[in-house]
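Here is how the chains run, residue by residue.
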Amino acid sequence: MNRTKSKKLFDRAKKVLPGGVDSPVRAFRAVGGTPLFVSRGAGDTLEDADGNRYIDYVMSWGPLILGHARKEVVKAVRKAAEKGLSFGAPTGRETRLAEAICGASGAEMARLVNSGTEACMSAIRLARGFTGRDKIVKFEGCYHGHSDGLLVKAGSGCLTGASPDSAGVPAAYAKETLVADYNDIGSVKALFEANKGRIACVIVEPIAANMGVVPPAEGFLQALRDVCSREGALLVFDEVITGFRAAYGGAAALYGVMPDLFAFGKIVGGGMPLAAYAGRREIMECVAPVGKVYQAGTLSGNPVATAAGLKTLEILRKHGEEIYPALEEKGALLEKAYREAGVPVNRVGSLLTPFFSKKAPACYADVQKCDLPAFAKYFSRMLQAGIYVAPSQFEAMFVSAAHTREHIYKTCAAVRRACEGLL
């Protein structure tokens, strides 16, 4: 497969962009070779600068649940852009999007921001402001964006780059972040016992998806809810990935556990830079200008981004009875293919990760046992077959409504060949 143009573009990019990319995992360092430089996307397919076409399971890392360039979304974006790209002033569309987010999640108020990182960072600040406490609990291997206090034992790109912590994070700040073991409620209780009255919140991916997909153990989320309620701490669900994907109401609806605060991203922007944090009215009214927790953003509630998000959520709401069962069916077919190839896999609906290990992981320690060279070989074989999966063992595959049955079957056949002899 000729990728001469991608290589030339990568060489040029490395002269002006650190590592030639604007987000680390895109550099392909964990799998080797030259990253794809994409020229266009349509439906479930990407085309690179050399004209090669790939069935895409990265889907911009999750936002594109409807596929690339969904015509209704593109039309909404075009119509909004023609009226102005940015105002820095309120629009009615912001309110409608907040209403849609609250209506789906059960939150009472929301604040629109620009990225999942910003949503999680703001939710943490709000939790501290509301409770008057400083310490937070996160889970090893869970990633909540690149704000300083959350880059402690993080997942996603930090794992991919073999650097679970980041330089530039002050030790004095990082020590306010306490780290528990995902799916181990005992580790959470121990932290609360050792830090009585000092923990503001627990932030968790209700379905871990940044150390690969690791579902919550039965009762784990409810146990977190119970501990937080008993100890006067807030429970924050980072649904940047799972919001509107695990179900229309997100993982909270899927598992029947209600957090105090949500962080949403990706799908709520329909492929544009947009995110939100949301929660109970009494908590959200601590945010400026009503309360004393300050957060602001010039591009927050951007009219073009809200147009994309609103149209995406509208389609999911109106057609969810067709879309979500179809996503489940397609995800199940892919899961079956990996299992038949002898590769353990974790899946929740349209989120899945094959793990090159002896068993499907239930926690971060299990994930660390994966055979990364085997994954790199699998990735290369899939790419040669015209299938684009995440260039990291520690990321998810994303199935979209645009993936055709023909392409799912083609992928299943490629999986069996790509995994041969690796485990």
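Residues numbered from 1 in each chain as written. Predicted model: local features only at pLDDT ≥ 70, side-chain atom pairs only at ≥ 80, totals over all residues. Heavy atoms only, no water.

### Quick look at the overall build of the chain
Item 1. Scanning the chain from terminus to terminus reveals 14 helices and 14 strands.
Item 2. Computed over the C-alpha atoms, the radius of gyration of the chain is 21 Å, within 12% of the 22 Å expected from 2.2 N^0.38 for a compact globule of 423 residues.
Item 3. A total of 423 residues make up the chain; the buried ones form 57% of that total.
Item 4. Counted over contacts in the chain with a minimum sequence separation of 6, partners at least 24 positions apart contribute 71%.
Item 5. Roughly 17,800 Å² of accessible area belongs to the chain as shown, and the carbon and sulfur atoms make up 52% of that amount.
Item 6. Looking at the chain, you have 53 positive and 42 negative side-chain charges, and the mean spots of the two groups are 5 Å apart. (Helix = DSSP H or I, 4+ residues; strand = E, 2+ residues; numbered from the N terminus. Rg over C-alpha atoms; globule rule 2.2 N^0.38 Å. Buried < 20%, exposed > 50% of the residue type's maximum accessible area, 1.4 Å probe, protein only. Contact = heavy atoms within 4.5 Å. Areas by Shrake-Rupley, 256 points an atom, 1.4 Å probe, with all protein chains shown as cover. Lys, Arg positive; Asp, Glu negative; His and termini not counted. Charge placed at Lys NZ, Arg CZ, Asp CG, Glu CD.)

### A few points about the packing of helix 11 (residues 303-340) against helix 14 (residues 405-418)
Packed helix pairs are characterised by how far apart their axes lie and by the angle those axes make with each other.
Item 1. At a minimum axis distance of 8 Å, the contact between helix 11 and helix 14 shows a crossing angle of 15°. Relative to helix 14, helix 11 is oriented roughly parallel. Crossing of helix 11 over helix 14 shows right-handed handedness. Taking contact as the criterion, the partners of E329, K330, L333, L334, A337, Y338 and E340 in helix 11 are, on helix 14, R405, I408, Y409, T411, C412, V415 and R416.
Item 2. Classifying every residue of the contact of helix 11 with helix 14 by side-chain character gives eight nonpolar, one polar and five charged. (Axes fitted to C-alpha atoms, helices over the stretch in contact; angles between N-to-C directions. Parallel < 35°, antiparallel > 145°, perpendicular 65-115°, else oblique. Left-handed = near helix turned anticlockwise from the far one by under 90°. Nonpolar A, V, L, I, M, F, W, Y, C, P; charged D, E, K, R; others polar.)

### Some details on the nonpolar core
Item 1. Among the nonpolar cores identified, the biggest contains 96 residues, and F139, Y338 and Y378 are the most heavily contacted of them.
Item 2. Formed by 23 residues, the second largest nonpolar core is a distinct cluster that contains L126, A127, V240 and L261. (Core = buried A, V, L, I, M, F, W, Y, C linked by side-chain atoms within 4.5 Å.)

### Here we look at the side chain of S400
Item 1. With respect to the helices, strands and loops of the structure, S400 is situated in the loop between strand 14 (397-398) and helix 14.
Item 2. Polar contacts involving the side chain of S400 include one to the main-chain amide nitrogen of A402, which spans 3.1 Å.
Item 3. Residues in contact with S400, not counting those within four places in the same chain, are M59, L64, I65, G67, L327 and K330. (Polar contact = N/O pair within 3.5 Å; in protein donor to acceptor, adjacent residues only side chain to side chain.)

### Re the sheet that holds strand 6 (residues 177-180)
Item 1. Spatially, the seven strands line up as an open sheet ordered 4-10-9-8-7-5-6, and their pairing is mixed. Only two strands of the sheet have a single neighbouring strand rather than two, namely strand 4 (109-113) and strand 6. Each neighbouring strand pair of the sheet contributes to a mean axis angle of 20°, computed without reference to strand direction.
Item 2. Two elements, strand 9 (residues 261-264) and strand 10 (residues 275-279), share four bridges in a ladder whose sense is antiparallel. The residue of strand 10 that forms the bridge with F264 is A276. (Pairing = 2+ DSSP bridges.)

### Describing the sheet that holds strand 12 (residues 351-354)
Item 1. Taking strand neighbours across the sheet as the criterion, the three strands line up as 11-12-14 in an open arrangement whose pairing is antiparallel. One side of each edge strand has no neighbouring strand; the edge strands of this open sheet are strand 11 (345-348) and strand 14.
Item 2. As defined by bridge partners, strand 12 adjoins strand 14 across two bridges and the pair is classed as antiparallel. Bridge pairing in strand 14 places L352 opposite M397.
Item 3. Those strands touched by helix 11 are strand 11, strand 12 and strand 14, and its axis lies near 175° from that of strand 11.

### Some words on helix 11
Item 1. For helix 11, with 38 residues, the first-to-last C-alpha span of 47 Å runs short of the 56 Å given by 1.5 Å per residue.
Item 2. Largest kink in helix 11: about 90°, centred on H319.
Item 3. The backbone nitrogen of V304 has a side-chain oxygen 2.9 Å away, supplied by the residue at the start of helix 11, namely N302.
Item 4. Of the residues trailing helix 11, G342 is marked for its positive phi of about 85°. (Expected span 1.5 Å × (residues − 1). Bend = angle between axes of the 7 residues up to and from the residue.)

### Some points on helix 4 (residues 116-131)
Item 1. In this model, helix 4 (16 residues) spans 22 Å end to end at C-alpha, consistent with the 22 Å of a helix rising 1.5 Å per residue.
Item 2. G116, T117, E118, A119, C120, S122, A123, I124, L126, A127 and R128 are the residues of helix 4 that are buried.
Item 3. G132 sits one or two positions beyond helix 4 and adopts a positive phi of about 75°.

### Quick look at the pattern of salt bridges
Item 1. In this structure the tally under the stated criterion is 18 salt bridges.
Item 2. Here K14 and D11 are joined by a salt bridge, their closest N and O atoms 3.6 Å apart.
Item 3. The class for K14 is partly exposed, based on a relative accessible area of 43%.
Item 4. By sharing partners, the salt bridges in this structure join R225, D260, R280 and E282 into a single network. (Salt bridge = Lys/Arg side-chain N within 4 Å of Asp/Glu carboxyl O.)

### With respect to the confidence of the model for the chain
Item 1. On average, the chain scores 95 in pLDDT, and the residues at 70 or more come to 96%.
Item 2. In the model, residues 158-164 has pLDDT below 50 throughout and makes 17 contacts with residues more than four positions away in sequence or in other chains. (pLDDT = per-residue confidence, 0-100.)

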